[in-house]
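Examining the three-dimensional arrangement
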2 protein chains.
Amino acid sequence: MRPKQQVNMADVARRTNVSIATVSRALRGEPGVSEPTRLRIQAAANDLAYVISPEASGLSGGATGRVAVVVPGINAWFYSTVVAGIEKELRAAGLDTLLYCLEVSTQREAFFTHLPLRRKVDAIIVVAFPLTPQERIRLEEMGVSVAIVGAHAGDFLSINIDDQRAAEQAVGHLTRLGHTKIGMIRAVDPEGMSYESDRSRLAGYRAELKKAGLTGDDLVVTPPWGIEGGEHGMELLLSKPDVPTAVFCHSDEVAVGALRTLRRAGIPVPQAMSVISIDDHPVAELADLTTVRQPVEEQGAVAGHAIVEMLNGHEPTERATVLPTQLVIRGSTARPPSETTGAGAVPLVHTSDWRP
Amino acid sequence: MRPKQQVNMADVARRTNVSIATVSRALRGEPGVSEPTRLRIQAAANDLAYVISPEASGLSGGATGRVAVVVPGINAWFYSTVVAGIEKELRAAGLDTLLYCLEVSTQREAFFTHLPLRRKVDAIIVVAFPLTPQERIRLEEMGVSVAIVGAHAGDFLSINIDDQRAAEQAVGHLTRLGHTKIGMIRAVDPEGMSYESDRSRLAGYRAELKKAGLTGDDLVVTPPWGIEGGEHGMELLLSKPDVPTAVFCHSDEVAVGALRTLRRAGIPVPQAMSVISIDDHPVAELADLTTVRQPVEEQGAVAGHAIVEMLNGHEPTERATVLPTQLVIRGSTARPPSETTGAGAVPLVHTSDWRP
C-alpha cells in the first residue's frame with residue numbers, strides 16, 4: 001500500500017513543471033538542481049503543504065551503506081556480468097550490494113508495490129528492466145539515488161549502449177556483403193513483454209535496410225528470448241515463402257539457437273546463410289559467430305562508480321552514459337550465395353566453420 | 001583486528017572436546033546440541049569466564065533480515081546459477097541477499113579479517129570457497145548460521161555433489177567404452193590454489209582407473225581453470241610421449257577449451273579422441289559434449305531453504321546434503337580408435353559432430 005498523503009511529489013512536479021526526480025533532488029538538498037528551480041519547487045511544496053516523508057527521504061535514517069541491485073535474473077550472462085562490474089565498484093567504496101532477482105512481472109509488481117527497500121538502502125541500480133510508469137514514480141518517490149543499466153526511465157541516471165547503432169553496425173555489415181534478403185529474429189521475455197533494447201534494435205534494423213533501399217518487415221519474427229527462442233525463430237524464417245540469405249539476431253544466445261536449427265536443416269553457415277548478432281558473449285567465439293561487441297562488465301562498473309559519486313555528493317553532470325560497440329567479424333557471415341545455390345536450393349554439405 | 005578477549009570459543013571447545021560451532025550453538029541457545037552437552041559447555045564457559053561477545057552473537061542486535069552470500073565470482077555459470085537458487089529461496093522467505101564476490105585470496109583475507117558482516121547479517125552462505133582454517137574459525141566466532149555450497153568446512157552445514165562419484169561416473173563411461181589411455185585435465189584457480197572439487201575429482205579418476213586395472217598419473221595435467229586452461233591442458237596432453245585416446249576434464253568449460261585445441265590440431269572427436277567432463281553447462285549441449293550433470297540451481301535452493309529453516313529455529317538433522325549426479329551421453333565420446341588410426345596417426349578429417 002502506498003502511504004496516504006493528500007499531496008505527493010507528482011503534484012509538486014506538476015505545479016512547477018519539472019520532473020518528479022528533480023522535485024525529489026531539490027527537496028532533499030541534492031546537487032544537480034539550479035538555485036532558482038530549487039526555490040520555485042520549495043515554494044510550490046510550501047503552497048501545497050507537501051512534506052517529504054521520512055520513508056521517502058534517503059537522509060532520514062542516515063546512510064545504510066547498502067545499494068540494491070535489481071535484475072530480471074542472475075543466471076544469464078548479461079545480468080551476471082553487469083552485477084560483477086557493479087559489485088566490484090561498490091565493494092571498493094565500502095558499500096554492500098543487496099541483490100534482487102525479479103524474473104516475472106508479478107514479482108516486479110509486488111516488489112515496487114511493497115518497496116522492501118525503504119530504509120534499507122542508499123541507492124538502487126536497476127538492470128535492463130522495462131519499468132512501468134507507476135514503478136518509475138515509486139522509485140522517484142523513494143528519494144534515493146537511482147541508476148538504470150541497459151535501459152532508460154524518466155530522467156534517472158542511465159548507462160547503456162546505443163542499441164539502434166549496434167543494430168545498424170550488424171545489419172550494415174550484411175548489406176555491405178551484398179545481402180538483400182535480411183531477416184531479423186527479435187526477442188521478447190517469456191511473458192511476451194518487449195524490452196527497450198529489442199525495440200531499438202528493430203529500429204536500427206529498419207533504418208539500415210532503408211539506407212540500403214531494402215525492406216524487411218515480412219522477414220521479422222519474434223520468439224521468446226534465449227537459445228530455444230532462436231531455434232524457433234529460425235524455423236519461422238525458414239517457413240517464409242522467400243527465405244532470407246542472412247539473419248540479424250537480437251543477441252548471441254538467440255543466434256546460437258538459430259545456428260542449431262540451420263545445422264539440423266542442413267543449411268551451411270555462412271555459405272547459404274549468414275548469421276550476425278549483438279553481445280560478444282563467450283559462446284560467440286566458440287561458435288565462430290560474427291557479432292557486435294558491447295562492454296558489459298564496464299556498464300556495471302560505470303553505474304557502480306556513478307552511484308558511489310552521487311552518494312559522496314557529486315551529482316554527475318552527464319545523466320546518460322553511452323558506451324561504444326564494435327563489429328567483431330568471425331566466420332558466420334559471408335557474401336550471399338548466388339541464385340542457384342541459395343538457401344532454398346542448397347545441398348546438404350558439411351563445413352567445419354562453426355565448431356567449438 | 002580480532003577483538004581482544006582473554007578467552008575465546010576455541011578455549012571452551014578445547015576444554016569440552018567439541019567443535020567451536022557446537023560451542024557457538026550451545027551458548028546462543030540454538031537447537032542441535034543435546035542438553036547434557038549444552039550444560040557441559042556452559043560449565044566450561046563459566047569456568048573460563050568466557051562471555052559470548054555481542055558482536056559474536058547473531059541474537060545481540062535482533063534479526064537483520066539479511067543473509068550474506070560469498071562467492072569467488074558471479075560471472076561464471078556455476079556461481080551465478082547457485083546464487084539464483086539461493087536468492088529465490090531467501091526472497092520467498094522475506095529475507096534479503098547481500099552479495100560479496102571475492103575473486104582473489106587477498107580479497108578473501110581482507111574480508112575474513114575485517115568481517116564486514118558483523119551485525120549486518122543473520123546468516124552466511126559460502127559458495128565453493130577453499131576456506132583456510134583461520135577463515136573457518138572467524139566464521140564460527142561470528143556466531144551466525146552458516147552453510148557451505150560446493151565444498152566442506154568444519155562441521156558447517158554443507159550442500160554438495162559427491163565429486164569423487166561424479167568423476168567415477170565420467171571415467172567409468174570411458175573405461176566401459178574400452179579406453180585404456182585416459183588423461184585428466186584438472187583445474188586450479190588463477191592463483192594456483194586447488195579447490196576441494198578438483199582434488200575429489202582427481203581421487204575419483206584414480207579410483208576408477210585402478211578399478212579397471214589402469215594407471216594414469218603421467219597423463220594428469222593441471223592448467224588454470226576455464227576455457228583457456230582447457231586449451232592449454234589439451235596441448236600439454238598432446239605433448240606427452242604416449243597421447244591418450246580419451247580425456248576427462250574437470251568441468252565443461254575446461255572441456256570446451258580442450259575441444260578447441262583438438263579442432264586446431266585436426267584430431268576428430270570422438271573418432272580419435274573422446275572428451276567427457278562434469279557440469280552439464282548450457283554450452284555442453286551446444287558442443288554435443290558428453291558430461292556428468294550436477295544440479296546447480298538446486299544446490300543453491302537447498303542451501304537457501306536450510307538457512308531459512310535454521311533462522312526459524314529448526315536446526316537441520318542432516319549436516320551434509322549430497323545431491324545426485326548422472327551421465328548425459330552425447331557425441332563427444334566413443335570407442336577408442338584402433339591402433340593404426342589413433343590420435344598419433346590420424347588423418348585430418350572433418351566431422352560434423354560437435355558443431356552448435
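Residues numbered from 1 in each chain as written. Chains lettered and ligands numbered in written order. Predicted model: local features only at pLDDT ≥ 70, side-chain atom pairs only at ≥ 80, totals over all residues. Heavy atoms only, no water.

Residue and element names in this part refer to chain A. Judged from the four bridges that link them, strand S9 (residues 274–279) and strand S10 (residues 290–293) form a sheet pairing that is parallel. Among the inter-strand pairings, aspartate 279 is bridged to a residue of S10, identified as arginine 293. Pairing analysis gives three bridges linking S10 to strand S12 (residues 326–328), with the strands arranged antiparallel. Note that in S12 the partner of arginine 293 across the bridge is glutamine 326. (Pairing = 2+ DSSP bridges. Helix = DSSP H or I, 4+ residues; strand = E, 2+ residues; numbered from the N terminus.)

Moving on, we come to the interface of chain B and chain A. Residue-level contacts link 36 residues of chain B with 36 residues of chain A. Taken over both partners, the interface formed by chain B and chain A buries close to 3,500 Å², and the fraction arising from carbon and sulfur atoms is 52%. Joining chain B to chain A, the criterion identifies six salt bridges. Taking the shortest distance from any N to any O, the salt bridge between Lys120(A) and Asp96(B) comes out at 2.5 Å. Those elements giving two or more residues to the side of chain B that touches chain A turn out to be helix H4 (77–92), strand S2 (96–101), helix H10 (252–264) and helix H11 (282–286) of chain B. Element by element, the count of residues in the side of chain B that touches chain A is highest for H4(B), at seven residues. Grouping the amino acids of the side of chain B that touches chain A by side-chain chemistry returns 15 nonpolar, eight polar and 13 charged. Across three bridges, the pairing between strand S2 (residues 96–101) of chain A and S2(B) is antiparallel. (Contact = heavy atoms within 4.5 Å. Buried area = accessible area lost by both parts, 1.4 Å probe. Salt bridge = Lys/Arg side-chain N within 4 Å of Asp/Glu carboxyl O. Nonpolar A, V, L, I, M, F, W, Y, C, P; charged D, E, K, R; others polar.)

Residue and element names in this part refer to chain A. In the contact formed by helix H7 (residues 163–176) and helix H8 (residues 196–211), the axes pass within 7 Å of each other and the chain directions differ by 45 degrees. One element, H7, and the other, H8, form an angle in the oblique class. Crossing of H7 over H8 shows right-handed handedness. Taking contact as the criterion, the partners of Asp163, Gln164, Ala167, Glu168, Val171 and Gly172 in H7 are, on H8, Ser197, Ser200, Arg201, Ala203, Gly204, Tyr205, Ala207, Glu208 and Leu209. (Axes fitted to C-alpha atoms, helices over the stretch in contact; angles between N-to-C directions. Parallel < 35°, antiparallel > 145°, perpendicular 65-115°, else oblique. Left-handed = near helix turned anticlockwise from the far one by under 90°.)

This brings us to the relation of the copies chain B and chain A. Mapping chain B onto chain A is achieved by rotating through 180 degrees and translating by 0.0 Å along the same axis, at an RMSD of 0.1 Å. Seen this way, the second copy is the image of the first under a two-fold rotation axis. Comparing interface residues between copies, 100% of those in chain B also lie at the interface in chain A; the contact surface is shared. (Least-squares fit on C-alpha atoms with pLDDT ≥ 70 in both.)

All right, on to the confidence of the model for chain A then. Residues and elements named next belong to chain A. Chain-level statistics for chain A give a pLDDT mean of 84 and a share of 84% at 70 or above. Below a pLDDT of 50 lies the segment residues 52–61, which in the model reaches 20 contacts outside its immediate sequence neighbourhood of four places, other chains included. Note on residues 340–356: pLDDT is under 50 here. Beyond four places in sequence and across chains, it has 55 contacts. Across the whole predicted complex the pTM is 0.78, and at the interface the ipTM reaches 0.75. (pLDDT = per-residue confidence, 0-100.)

This part takes up the sheet that holds strand S8 (residues 246–249) of chain A. All names here are of chain A. The sheet built from six strands is open, its strands ordered S7-S6-S8-S9-S10-S12 with mixed pairing. Among the strands making up the open sheet, the edge pair consists of strand S7 (220–221) and S12. As judged from the four bridges shared by strand S6 (residues 182–185) and S8, these two strands associate in the parallel manner. Residue pairing across strands places isoleucine 185 opposite cysteine 249, the latter belonging to S8. Along the sheet face, H8 touches S6, S7, S8 and S9 and points at about 175 degrees away from the line of S6.

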